[in-house]
Amino acid sequence: MLKEISSYAERLKVELLDFMEEYIYPAEKEVEEYLENPENRWTIPPIIEELKQKAKSQGLWNLFYADDNYGKGLTNYEYAYLCEIMGRSLIAPEIFNCNAPDTGNMEVLIKYGNEEQKQEWLTPLLEGEIRSIFSMTEPTIASSDATNIQTEIIRVGNEYVINGKKWWSTGAIDPRCKIAIVMGKTDPSAEPHKQQSMILVPMDTPGIEIKRPLKVFGYDHAPTGHAEVHYNNVRVPISNLLLGEGRGFEIAQGRLGPGRIHHAMRGIGQAERALDLLIDRAEEREAFGSKLIDKDVIRVQIAESRLEIEQARLLTLSTAHKIDQYGAKAARKEIAMIKIAVPRVALNVIDRAIEVHGGGGVSQDFPLAEHYAHARTLRIVDGPDQVHIRDIAKLEIRERRKNKSIKL
Ligand SMILES: Cc1cc2nc3c(=O)[nH]c(=O)nc-3n(C[C@H](O)[C@H](O)[C@H](O)COP(=O)(O)OP(=O)(O)OC[C@H]3O[C@@H](n4cnc5c(N)ncnc54)[C@H](O)[C@@H]3O)c2cc1C
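Reading guide: rules and limits
- Residues numbered from 1 in each chain as written.
- Predicted model: local features only at pLDDT ≥ 70, side-chain atom pairs only at ≥ 80, totals over all residues.
- Heavy atoms only, no water.
- UniProt positions renumbered as here; feature names shortened; annotations may be inferred.
- Helix = DSSP H or I, 4+ residues; strand = E, 2+ residues; numbered from the N terminus.
- Buried < 20%, exposed > 50% of the residue type's maximum accessible area, 1.4 Å probe, protein only.
- Contact = heavy atoms within 4.5 Å.
- Salt bridge = Lys/Arg side-chain N within 4 Å of Asp/Glu carboxyl O.
- Near = heavy atom within 4 Å.
- Polar contact = N/O pair within 3.5 Å; in protein donor to acceptor, adjacent residues only side chain to side chain.
- Areas by Shrake-Rupley, 256 points an atom, 1.4 Å probe, with all protein chains shown as cover.
- Nonpolar A, V, L, I, M, F, W, Y, C, P; charged D, E, K, R; others polar.
- Core = buried A, V, L, I, M, F, W, Y, C linked by side-chain atoms within 4.5 Å.
- Domains from an automatic or database assignment.
- Buried area = accessible area lost by both parts, 1.4 Å probe.
- Axes fitted to C-alpha atoms, helices over the stretch in contact; angles between N-to-C directions.
- Parallel < 35°, antiparallel > 145°, perpendicular 65-115°, else oblique.

In the annotation of an unreviewed UniProt entry, the entry for the chain reads Acyl-CoA dehydrogenase, and the organism field reads Oceanobacillus piezotolerans. Recorded under Cofactor (unreviewed entry), the UniProt text for the chain is reproduced unchanged: "FAD". Annotation of the chain in UniProt includes, under Subunit (unreviewed entry), the sentence "Homodimer."

Written as structure tokens, this is what we have:
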């Protein structure tokens, strides 16, 4: 039997479900229509800020962080149930201040920031007043191997001077985005995992150039967007460095572990919503003499979807539980597994739902096409599948070798 969640987490779950029905799903169209007006394209739909205030006043806020001081003291296991619900809508995570990359950036500031950095950047992020970016990936190198990173962070007197080109900096175009966490090299002559550092760069620092918004299968994801950002002789005080020179890799590892599990949790929600839409559509339509819902081929798709979702959810929950028990490092094989398994399932289920919707499925009239595009990126963001497959195999072989030597 599955471990139970606390009555507090259970109550939050019910409240979240109600909030989704009452406010989030109805707001999706309003957000879309607002953003379709070219004058509004890179501005914030007022309904988003209104709903943020409402969610905050109801205590549905910062649920992601497993600490009473900053979050709500939920375990990862409990948060898995809640994050899944938020994942059902692409606009929801931000409304509960639980969206990437801000959650990861807040975790970095909580874990590695000093008091001044926390005061200046963490507090407004926790309040949902500003937004942030994580600027690691670069266009000219294979960034899934972070040792390749080329951006320079060079100390000159009491400042660091940053030069480099980044892309896929999610959130950079958002007018509320005020701070970047930039990864670069402070010492290219150090050993490979000690060359990188992370530094806080206010977005209004001279030399930051937003070159262009990138599109995902044609979606620009306005008003947050994903940008190519150039750092041209950007100067910040040395006090902006996080943790210390050469500690960037350590921070990246600490940041990406929790982020990956959150992506997986939301992916389950995407699959659940797609299955709901699939069934509802099949109930409505009739073709070749019977309702779609009565056709065996559709029923097989429904059953296969349920099977896949439950397997992915169980793996996600057991991973969350292992993180709670032993920490993210001990659960790294499981984290890698859900990072691969969940997007696959989400894509399968969304694809089936698209098919059952016919032409409507790929249109803007249903959320499926956008969810599909989003789920496809999950196989790349925070480490492509191939990199996680490599890690799983490595850990599996290591365990086998260890066990064998014990038996012999
Ligand atoms: C929508 C979206 C949002 C993103 N947001 C951010 C963000 O906010 N901040 C940020 O810094 N980055 C962000 N990224 C970038 C993302 O994290 C990178 O794209 C990802 O880490 C892969 O790096 P890369 O694109 O350089 O691919 P590469 O490193 O060039 O890898 C390309 C491909 O090579 C193959 N490959 C790599 N390693 C191996 C291996 N060991 N064995 C076999 N095959 C391998 C894989 O198929 C991989 O997909 C985002 C990307 C997308 C699409």
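What follows continues from the structure just given.
This brings us to the side chain of Thr-151. Along the chain, Thr-151 falls in the loop between strand E1 (131-135) and strand E2 (152-156). On the accessibility criterion, Thr-151 (1% relative accessible area) is buried. With residues near it in sequence (within four places) discarded, Thr-151 still touches Glu-138, Ile-162, Asn-163, Gly-164, Lys-165, Lys-166, Val-182, Met-183, Gly-184 and Lys-185.

Feature annotation in UniProt assigns "domain: Acyl-CoA oxidase/dehydrogenase middle" (unreviewed entry) to the following positions: residues 134-228. Along residues 134-228 one finds 0% helix and 47% strand; the C-alpha atoms at either end are 12 Å apart.

It is worth spelling out the pattern of salt bridges at this point. The final tally for this structure, using the stated rule, is 32 salt bridges. In this structure, the salt-bridge partner of Arg-281 is Glu-284, at a minimum N-O distance of 3.9 Å. With a gap of three residues between them, Arg-281 and Glu-284 both fall in helix H7 (residues 248-284), about one helical turn apart. Residue classification places Arg-281 among the buried positions, given a relative accessible area of 12%. Taking the relative accessible area as the measure of exposure, Glu-284 reaches 56% and is therefore exposed.

What follows covers the site of the ligand. Near the ligand there are 20 residues, and of these Phe-134, Thr-137, Ser-144, Trp-168 and Thr-170 occur at the shortest range. Met-136 has a polar backbone atom sitting 2.9 Å from an oxygen atom of the ligand. Alone, the ligand offers 990 Å² of accessible surface; in the complex the protein occludes 68% of this. No other element matches the three residues that helix H11 (residues 385-407) contributes to the shell around the ligand. For the shell around the ligand, a count of residues per class yields ten nonpolar, eight polar and two charged.

Bringing the environment of Leu-275 into the picture now. Mapped onto the fold, Leu-275 is located in helix H7. A residue is classified by how much of its surface remains accessible, and Leu-275, at 4% relative accessible area, is buried. For the pair Leu-275 and Ser-305, spaced 30 residues apart in sequence, the C-alpha to C-alpha distance is 7.1 Å. Excluding residues within four positions of it along the chain, Leu-275 makes contact with Ile-302, Ser-305, Arg-306, Ile-309 and Val-349.

What follows covers the nonpolar core. In summary, soluble globular proteins display a tendency toward joint burial of nonpolar side chains. Counting residues in each nonpolar core, the largest one holds 90 residues, and the members touching the most others are Leu-63, Tyr-79 and Phe-96. Broken down by element, the residue count for this core peaks at 13 residues, all from H7. In this structure, Tyr-160, Ile-162, Val-236 and Leu-241 belong to the second largest nonpolar core, which totals 19 residues.

Per the UniProt record, "domain: Acyl-CoA dehydrogenase/oxidase N-terminal" (unreviewed entry) is annotated on residues 18-129. The distance from the first to the last C-alpha atom of residues 18-129 is 25 Å, and the span holds 62% helix and 0% strand.

Glancing now at the domain arrangement of the chain. Taken domain by domain, the chain holds domain 1 (7-127), domain 2 (132-242) and domain 3 (250-407). The C-alpha centroid of domain 3 is placed 30 Å from the C-alpha centroid of domain 2. Each partner contributes to the interface: domain 2 provides nine residues, whereas domain 3 provides ten residues. Between domain 2 and domain 3, the buried area comes to about 910 Å², and carbon and sulfur atoms account for 82% of it. Linking domain 2 to domain 3 there are zero salt bridges. Between the two partners, domain 2 and domain 3, sit one residue pair in polar contact (both at pLDDT 80 or more). Tallied by class, the residues present in the side of domain 2 that touches domain 3 amount to seven nonpolar, two polar and no charged.

Here Lys-118 lies in helix H6 (residues 115-127). Classification of Lys-118 as buried rests on a relative accessible area of 13%. When neighbours within four sequence positions are excluded, Lys-118 is seen to be in contact with Tyr-70, Leu-109, Ile-110, Gly-113 and Thr-123.

On to the packing of helix H1 (residues 7-36) against helix H3 (residues 76-86), then. Packed helices, taken two at a time, are described by their axes: the angle between them and the distance between them. Two numbers describe how H1 lies on H3: the axes approach to 10 Å, and their chain directions differ by 0°. With respect to their mutual orientation, H1 and H3 come out roughly parallel. For the pair H1 and H3, contact is made by Ala-9, Leu-12, Lys-13, Leu-16, Leu-17 and Met-20 and by Glu-78, Tyr-81, Leu-82, Ile-85 and Met-86, respectively. Of the residues contributing to the contact of H1 with H3, the split by class is nine nonpolar, no polar and two charged.

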